[in-house]
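Single-letter residue listing:
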Amino acid sequence: MTELTYESTLRELATDQGVLRYHEAGQGPPLLLLHGSGPGVTGWRNYRGNLATFAEHFRCLVLEFPGFGVSDPTDQHPMAAANGAVIRFLDGLGLQQVDVIGNSMGGIVGTQVALAHPDRVRRLVTIGGIGRNIFSPSPGEGIKLLMEFTEEPTRERLVQWLHSMVYDPALVTEELIEERWALATEPETLAAARRMYGKAAFAAGQKAAAKSDAPPYWAMLHELKARTLITWGRDDRVSPVDMALLPMRTIPDVEVHVFPNCGHWVMIEQKAAWESVVLAFLTRKDEP
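Summary of the structure given here. Only a predicted model underlies this, so the values are computations on that prediction, with no experimental measurement involved.

Criteria and cut-off values
- Residues numbered from 1 in each chain as written.
- Predicted model: local features only at pLDDT ≥ 70, side-chain atom pairs only at ≥ 80, totals over all residues.
- Heavy atoms only, no water.
- Helix = DSSP H or I, 4+ residues; strand = E, 2+ residues; numbered from the N terminus.
- Buried < 20%, exposed > 50% of the residue type's maximum accessible area, 1.4 Å probe, protein only.
- Polar contact = N/O pair within 3.5 Å; in protein donor to acceptor, adjacent residues only side chain to side chain.
- Contact = heavy atoms within 4.5 Å.
- Phe/Tyr/Trp six-rings, centres within 6.5 Å; stacked < 30°, edge-to-face > 60°.
- Lys NZ or Arg CZ within 6 Å of the ring centre and 35° of its normal.

**Structural notes on the side chain of T231**
Then, number 1: With respect to the secondary-structure elements, T231 resides in strand β7 (residues 227-233).
Then, number 2: Taking the relative accessible area as the measure of exposure, T231 reaches 0% and is therefore buried.
Then, number 3: In terms of polar contacts, T231 uses its side chain to reach the backbone carbonyl oxygen of T126, at 2.8 Å.
Then, number 4: Ignoring sequence-local partners within four residues, the contact set of T231 consists of V125, T126, I127, G128, H257, F259, W274 and V278.

**Comments concerning the packing of aromatic side chains**
Then, number 1: What the rule picks out here adds up to 5 aromatic pairs.
Then, number 2: Judged by centre distance (4.9 Å) and plane angle (70 degrees), the rings of Y22 and F89 are edge-to-face. Of this pair, Y22 sits in strand β2 (residues 18-25) while F89 sits in helix α4 (residues 78-92); the two residues are 67 residues apart in sequence, bridging distant segments of the chain.
Then, number 3: Judged by relative accessible area, Y22 falls into the buried class, the value being 5%.
Then, number 4: Overall, F89 belongs to the buried group, its relative accessible area being 0%.
Then, number 5: Summarising the aromatic geometry, the rings of F54 and W274 are spaced 5.6 Å apart at their centres and angled 70 degrees between planes, so their arrangement reads as edge-to-face. Of the two residues, F54 is situated in helix α3 (residues 51-55) and W274 in helix α13 (residues 271-283); the sequence distance between them amounts to 220 residues.
Then, number 6: Classification of F54 as buried rests on a relative accessible area of 0%.
Then, number 7: One cation-aromatic arrangement involves R123 over F281; the distance from NZ or CZ to the ring centre is 5.6 Å.

**Things to note about the side chain of D99**
Then, number 1: Relative to the elements of secondary structure, D99 occurs in strand β5 (residues 98-103).
Then, number 2: For D99, a relative accessible area of 3% corresponds to the buried category.
Then, number 3: A polar side-chain atom of D99 sits 3.1 Å from the main-chain amide nitrogen of R123.
Then, number 4: Not counting chain neighbours up to four residues away, the residues in contact with D99 comprise P30, L31, L32, F58, R122, R123 and L282.

Spelled out as structure tokens, the structure:
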């Protein structure tokens, strides 16, 4: 296979709400990969290390959500914009059904899309993030550090947040810090982050959710039709592993795999083991 670089895989899709950018590699059944949130995040940075493995089996599509500095910006809350972006993306590419891998926020978005459009998602893989805190404080340590960085973006706060994402501190390299810092402090990207993780915005969101008559997505997981694999790092300080208890009990067809010595970025810290588990799940034949 030709080497998969940022430039060789980058694509654009024009929609009625701006250009969606994405990375494409491989042939086969379509596999949609959805990234998480946080300073300087992109789909490419979440999944660039896994793309070659999955591209041997799937047509991989790594979507860049609006509001994170790659696809065209949006005035919406990034989480609200993401669900619509997924459907516009699938419709724009003429894809009726896909498998989905979602990291953190991407897992929540993938779950919400699968609940609202059950015919569009065949199998769903999540990496941390879905569910709700059962025993651990909410928000978790990593979310608090993310809010502090968003309020006052300094390199020191970025480094503190990055360390909360991983089990092995050696993963927080100068190269990682530099690439995250450059995008995270870009004005439009920072403004979008503040709509999501600014302390006032976060508090307003929690207050609105408490007053809403609409059930939260995690209360509707019993209606999820997609066969689901939940993957988690045992040492996740952003989304503690006890969050998996509710979806583990309520999703009808679900498996859970917890990886040791691993933080929030399971696909990076436990790359080979995670890829093996996910590939086995996605390629397993449906039972009659």
